[in-house]
Structure formats: structure tokens, C-alpha cells
Amino acid sequence: MEANANQTIFVIDDDSSIKDFLVTFFEMSGFQTKGFDSAQDYLDQLDDTPGCLVSDVLMPNMDGVELLEHLNKIEHLRPTIFITGNATIPMSIQSMKLGASDFIEKPFKPELLLEKVNNAMANFQKNLDVINKFKSLTGKEQQTFRFMIKGHTNKMLAEDLGISASTVEKHRASVMKKMQADSIVALSKMATLLRPLGEDFDFDN
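Residues numbered from 1 in each chain as written. Predicted model: local features only at pLDDT ≥ 70, side-chain atom pairs only at ≥ 80, totals over all residues. Heavy atoms only, no water.

Asker: I keep staring at the nonpolar core and nothing clicks. Help me out?
Answerer: Across soluble globular proteins, nonpolar side chains have a tendency to be buried as a group. Core analysis: the biggest nonpolar cluster contains 20 residues, and Phe145, Met179 and Leu187 have the highest contact counts within it. Among the elements that take part in this core, helix 8 (residues 165-179) stands out by supplying four residues, more than any other. Residues Leu22, Phe26, Cys52 and Ile104 belong to the second largest nonpolar core, which totals 18 residues. (Core = buried A, V, L, I, M, F, W, Y, C linked by side-chain atoms within 4.5 Å. Buried < 20%, exposed > 50% of the residue type's maximum accessible area, 1.4 Å probe, protein only. Helix = DSSP H or I, 4+ residues; strand = E, 2+ residues; numbered from the N terminus.)

Asker: I keep staring at the sheet that holds strand 3 (residues 51-56) and nothing clicks. Help me out?
Answerer: Sheets are built from strands paired through backbone hydrogen bonds, the pairs being either parallel or antiparallel. Overall, parallel pairing links the five strands, which are arranged 2-1-3-4-5 in an open sheet. Both outer strands of the open sheet, strand 2 (32-36) and strand 5 (102-105), are each paired with one neighbouring strand and no more. On average, each strand axis in the sheet is inclined to that of its neighbour by 20°, with strand direction left out of account. Note that strand 1 (residues 8-12) and strand 2 share five bridges and pair parallel. Along strand 2, the bridge assignment pairs Val11 with Gly35. (Pairing = 2+ DSSP bridges. Axes fitted to C-alpha atoms, helices over the stretch in contact; angles between N-to-C directions.)

Asker: What's the story with the layout of surface pockets in this structure? I'm lost.
Answerer: As a volume, the largest pocket reaches approximately 440 Å³. Along its surface, the largest pocket is lined by 26 residues, and Gly99, Ala100, Ser101, Asn127 and Leu193 are the ones closest to its centre. A total of eight residues in the lining of the largest pocket trace back to one element, the largest contributor, which is helix 5 (residues 110-135). Class assignment of the residues belonging to the lining of the largest pocket gives a composition of 12 nonpolar, nine polar and five charged. (1 Å grid on protein atoms, 1.4 Å probe; cavity = no way out; pocket = protein on both sides within 12 Å on 5 of 7 lines; lining within 4 Å. Points joined across faces, edges and corners; volume = space filled by probe spheres on them. Nonpolar A, V, L, I, M, F, W, Y, C, P; charged D, E, K, R; others polar.)

Asker: Help me understand the pairing of strand 3 in this model?
Answerer: Put simply, side chains in a regular strand alternate between the two faces of the sheet. In terms of burial, strand 3 is largely enclosed, as six of its six residues are buried. Pairing of strand 1 with strand 3, which is carried by five bridges, proceeds in the parallel orientation. If you follow Ile9 over to strand 3, its bridge partner there is Cys52. As judged from the four bridges shared by strand 3 and strand 4 (residues 80-84), these two strands associate in the parallel manner. Within strand 4, the position partnered with Leu53 by the bridge is Thr80.

Asker: So what exactly am I meant to see when it comes to the side chain of Thr80 here?
Answerer: With respect to the element layout, Thr80 can be found in strand 4. A polar side-chain atom of Thr80 sits 3.0 Å from the main-chain carbonyl oxygen of Arg78. If sequence neighbours within four positions are ignored, Thr80 has contacts with Leu53, Leu68, Ala100, Ser101 and Asp102. (Polar contact = N/O pair within 3.5 Å; in protein donor to acceptor, adjacent residues only side chain to side chain. Contact = heavy atoms within 4.5 Å.)

Asker: Which parts of the structure should I look at to understand the pattern of salt bridges?
Answerer: For side chains bearing opposite charge, pairing can occur when the charged atoms are close. Here the structure, examined in full by the defined rule, presents nine salt bridges. Asp47 is the salt-bridge partner of Arg78, the closest N and O atoms lying 3.1 Å from each other. A residue pair is termed long-range when its members are at least 10 positions apart, and Arg78 in the loop between helix 3 (64-73) and strand 4 and Asp47 in the loop between helix 2 (39-44) and strand 3 qualify at 31 residues. On the accessibility criterion, Arg78 (9% relative accessible area) is buried. For Asp47, a relative accessible area of 25% gives the class partly exposed. If you follow the salt bridges from partner to partner, you end up with Asp13, Asp56 and Lys106 in one network. (Salt bridge = Lys/Arg side-chain N within 4 Å of Asp/Glu carboxyl O.)

Asker: What am I meant to see in the packing of aromatic side chains here?
Answerer: Aromatic ring pairs are defined here through the distance separating the ring centres and the angle between the ring planes. Under the criterion given, the structure shown has eight aromatic pairs. Here Phe10 and Phe36 contribute two aromatic rings whose centre-to-centre distance is 6.4 Å and whose plane-to-plane angle is 20°, an arrangement assigned as stacked. Of this pair, Phe10 sits in strand 1 while Phe36 sits in strand 2, placing them 26 residues apart in sequence. Both residues of the pair, Phe10 and Phe36, belong to the buried class. Where Phe26 meets Phe31, the ring centres are 6.0 Å apart and the plane angle is 80°; that geometry is what we call edge-to-face. (Phe/Tyr/Trp six-rings, centres within 6.5 Å; stacked < 30°, edge-to-face > 60°.)

Structure (C-alpha cells):
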């Protein structure tokens, strides 16, 4: 309970009964909590308090996916779990591509949500470390990263980037060192954690 007290759960739901229930539930689980009636209400009160965002998806004016897109754009990242009573597969896929930790359909057991919140917060620091390492790469190194995880050879990289093979080697070595990766497989796994940086990181295509 003591560790939870250092984390805040931010609950957004335009249904006040659900919002109030979740706020009370997380408070009883030992967390600090803040409840919001809308995505805009949440944005108006943004701060750097550590914690997890638990948000409804289908809301008036700005929905959960639009909110996450905006938060990624302004680089205000928190582990995010979406809850919804009317899930669609495209919506679920889009939210995960944007870096959401999980997507839960209503009705759900509060204990399951609590478990997912704890897991999301435990994994978030690792994700943030990878994001910060990627942001430390130069522009050419970021391009090299993208091509490396798609399996491009040094020759292909040299042609794509318009640089010499020896320069490609330097970029590749620098990417591996800065990302602290020991293989392309490890680099590819890191790529999946970079979703919050934007749709440029749709590495499956």
C-alpha cells in the first residue's frame, strides 16, 4: 500500500457513476486518485505527477484515442489503460499502436483492472528508457534504426540514406551502442516500445 501512495491513478469517464466508483476503488487500494469528466478536463490539469491514466474511450468532443494522440504529440507520456463498453477491433488496434498499455471491455472485474494498472506502471519505466535512448540518436541514426529493424543490408542502407558504406557501418555501430542492444532482434523488440512517438513507427509495414 505504501508504494501505491507514491502513484496517482487518473480516471477519465463521462459517466460519473463509473468515474466515482473507480476513484473510490483505487483509493481503497492505496493510491492517490484524480477523477475527470472529460479528456479536456484532464488536459487542463496536466502535471508531471507519476502514475497511470485509466480512461473511457467513447467520450463526447474528444475520445480516448484522440486524447492519446494529443498526449503523444506533446510528449506527455503516462502508462494508459482504456476501458470501453463498445469496443471495435480497429479502435483497439489504434490505441495499442499509440502506446496504450491495455484495452479492457466493460463490464470488468475491478481486481483485473488493478492488476493491469500495476503491470502497466511496472513496465512503463523500461518503455520510457527505450524512448529516451531513441531520442538521443541523431536524425541519420534514427533512419538507420528504422532500416536496420526492417532487415536492410549495409548496401541498401547506403543507397537509401545516400551515404557511403563505411558511414553506414559507423551509424549502425552507434545505434547499437546508444540503444544498448546486442542484436537486431533486441533492437526490433525495442521498436515495439516506440509507438508513443508517432505513427512513423509502424514497424510492421
